[in-house]
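# Architecture at a glance
Next come the chains, spelled out residue by residue.
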Amino acid sequence: MFAKLLKHDFRAVRELLGLLCLICLGCGVLGGGALRVLDGSRESSLLLVLGTLIMTGAFLGLIVSGIAMQFLTLAHFYKSRFTDQGYLTFTLPVSGHVNLLSAYVNCLIGNAVGVAAVAAGFAILILFGLRELDGRRLESLGQFAEACANGISILGLRNAALLGVYMLVGILSNLLLIMLAIVTGSVIAKKHKILAAVGVYYGVTSISRFGVLAVGVSSELALVGGENASFAGILMPQILLWLLIGVGSYLIMHWLVSRKLNLN
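Residues numbered from 1 in each chain as written. Predicted model: local features only at pLDDT ≥ 70, side-chain atom pairs only at ≥ 80, totals over all residues. Heavy atoms only, no water.

## So, the overall build of the chain
Selection criterion: The way it works is that DSSP assigns letters per residue, a run of H or I at least four long becomes a helix, a run of E at least two long becomes a strand, and they are numbered from the N terminus. Any residue under 20% of the maximum accessible area for its type is buried, any over 50% is exposed, and the rest in between are partly exposed; the area is computed with a 1.4 Å probe on protein chains only. Here the accessible surface of atoms and residues is derived via Shrake-Rupley with a 1.4 Å probe, and residues count as covered only by protein chains that are part of the display.
Summing up its helical and strand segments, the chain has eight helices and zero strands in all. In the chain, the succession of α and β elements from N to C terminus is α-α-α-α-α-α-α-α. Per-residue burial for the chain yields a buried fraction of 37% across its 264 residues. Here the chain has roughly 15300 Å² of accessible surface; of this, 71% comes from carbon and sulfur atoms.

## Concerning the nonpolar core
Formally: Only buried residues count toward a nonpolar core. Its members are Ala, Val, Leu, Ile, Met, Phe, Trp, Tyr and Cys residues joined through side-chain atoms within 4.5 Å.
Counting residues in each nonpolar core, the largest one holds 18 residues, and the members touching the most others are Phe77, Phe82, Met179, Val183 and Met253. With six residues, helix 6 (residues 157-188) is the largest single contributor of residues to this core. In this structure, Val13, Cys24, Ala58 and Leu72 belong to the second largest nonpolar core, which totals twelve residues.

## What about a nonpolar patch on the surface?
The cut-off we apply is this: Here a patch means residues that are over 30% exposed by relative accessible area and free of salt bridges, tied together within 9 Å if like-charged and within 5 Å if nonpolar (Val, Leu, Ile, Met, Phe, Trp, Tyr). Any carboxyl oxygen of Asp or Glu that lies within 4 Å of a side-chain nitrogen of Lys or Arg is treated as forming a salt bridge with it.
Nonpolar side chains collect at one region of the surface, where Leu30, Val37, Leu46, Leu47, Val49, Leu50, Leu53 and Ile54 lie side by side and expose about 690 Å² of accessible area between them. Counting residues per element, the ones that place at least two in the nonpolar patch are helix 1 (2-40) and helix 2 (45-82). Top element by residues in the nonpolar patch is helix 2. It accounts for six residues. Position of Leu50 among the secondary structure elements: in helix 2.

## Here we look at the environment of Gly26
Among the secondary structure elements, Gly26 is positioned in helix 1. Gly26 gets classed as partly exposed once you look at its relative accessible area, which sits at 36%. C-alpha separation for the pair Gly26 and Gly61, spaced 35 residues apart in sequence, amounts to 9.2 Å.

## Some points on the environment of Leu16
In this structure, Leu16 sits in helix 1. On a C-alpha basis, the gap between Leu16 and Leu72 in space is 8.1 Å, while along the polypeptide they are 56 residues apart.

## A word on helix 5 (residues 137-155)
To keep it simple, the criterion reads: Every helix has an expected span of 1.5 Å times one less than the residues it contains.
The terminal C-alpha atoms of helix 5 lie 27 Å apart, and with 19 residues this matches the ideal 27 Å at 1.5 Å per residue to within 8%. Within two residues after helix 5, Gly156 carries a phi angle of roughly 105°, on the positive side.

## Details of the confidence of the model for the chain
Note the threshold: Known as pLDDT, the predictor's per-residue confidence is scaled from 0 to 100.
A residue-level look at the chain finds 86% of positions with pLDDT of 70 or above and a mean pLDDT of 81. When pLDDT is averaged over each element of the chain, helix 4 (residues 96-129) comes out on top at 90 and helix 3 (residues 85-89) at the bottom at 63.

Here's what the structure looks like:
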């Protein structure tokens with residue numbers, strides 16, 4: 001039943017998601033063309049102005065489209081669970097966990113697609129917009145990969161993996177915080193639920209990030225000058241705290257949906 005519900009959630013957003021992906025790719029092509037115009041027409045003020053305007057529009061289009069993809073699935077989560085559609089969604093023969101996990105995975109898919117589309121748009125803009133890369137794009141990609149590998153080797157494979165885990169756990173937990181804010185705003189507010197959700201989100205994330213920062217600083221101070229000082233000793237407490245925040249957010253969200261939500 002989880003797969004069916006997830007399929008239904010994704011179908012509700014896939015058309016807009018696909019359109020935004022096409023916009024990102026189009027902005028990359030348009031920005032790359034404008035970059036070539038700027039590179040080859042330094043003596044024409046009109047072309048310089050037009051090229052600059054197009055480049056600015058392409059950058060803004062990529063950024064706005066990426067942000068829109070992040071919020072598209074969250075908007076569907078709110079609409080399908082806490083508006084009139086919620087009557088149908090919460091009467092489906094599925095548990096509260098399945099209901100929330102389907103929405104969570106759908107939001108993760110939207111975030112991943114958004115990041116990939118924006119990255120592809122910027123890659124197209126740079127790789128095909130810079131004339132000096134003509135004929136050696138593969139070589140440039142190889143150099144970029146080599147630079148990344150050198151950075152990992154300097155940091156250390158274990159530390160790089162730990163940093164990746166820290167970033168991943170932070171992203172996953174932050175998404176749960178956003179969903180918790182939506183649920184809380186929908187439960188506690190009879191009107192202006194979105195404003196309530198925004199207020200809850202900023203309050204909760206401010207406290208969470210301050211707590212993570214405090215843990216990181218305290219861990220670093222405790223290890224400075226010690227024989228056991230390590231990168232892992234600084235990051236691990238923060239990873240554990242983010243995990244605690246994520247799990248706690250999900251449990252509170254499930255409790256609010258199962259005990260406090262009133263769609264009447």
